[in-house]
Amino acid sequence: MQYKQIDCKIKEIYFNARPLKEEAEVIESRFVFWNSLNNLAINNMAIQQIRMA
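This report concerns the structure included in the present document. (Residues numbered from 1 in each chain as written. Predicted model: local features only at pLDDT ≥ 70, side-chain atom pairs only at ≥ 80, totals over all residues. Heavy atoms only, no water.)

Quick notes on the overall build of the chain
For the chain, the count of helices and strands is one helix and zero strands. Summed over all atoms, the accessible surface of the chain reaches about 6400 Å², with 59% contributed by carbon and sulfur. (Helix = DSSP H or I, 4+ residues; strand = E, 2+ residues; numbered from the N terminus. Areas by Shrake-Rupley, 256 points an atom, 1.4 Å probe, with all protein chains shown as cover.)

Re the packing of aromatic side chains
Geometry of an aromatic ring pair is reported as the spacing of the ring centres plus the angle between the planes. Inspection of every chain in the model, using the stated rule, returns one aromatic pair. Aromatic side chains phenylalanine 33 and tryptophan 34 sit 5.1 Å apart centroid to centroid with 70 degrees between the ring planes, which places their arrangement in the edge-to-face category. (Phe/Tyr/Trp six-rings, centres within 6.5 Å; stacked < 30°, edge-to-face > 60°.)

Section: a nonpolar patch on the surface
A cluster of nonpolar side chains, namely Phe33, Trp34, Leu37 and Leu40, defines an oily patch on the protein surface of about 440 Å² accessible area. Along the chain, leucine 40 falls in helix H1 (residues 24–52). (Patch = residues over 30% accessible without salt bridge, like charges linked within 9 Å, V, L, I, M, F, W, Y side chains within 5 Å. Salt bridge = Lys/Arg side-chain N within 4 Å of Asp/Glu carboxyl O.)

In structure tokens:
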């Protein structure tokens, strides 16, 4: 049986942190998405409550 020695050097990558600049359109679409998801959840809870009544 033969053994190979593997080179195990670790490569380090450094990132410069920069603040993300988001456009108003992206922020607005995010709010629309979460609002619609919230509305679906509220409707689902209402339907569940009607079924249990």
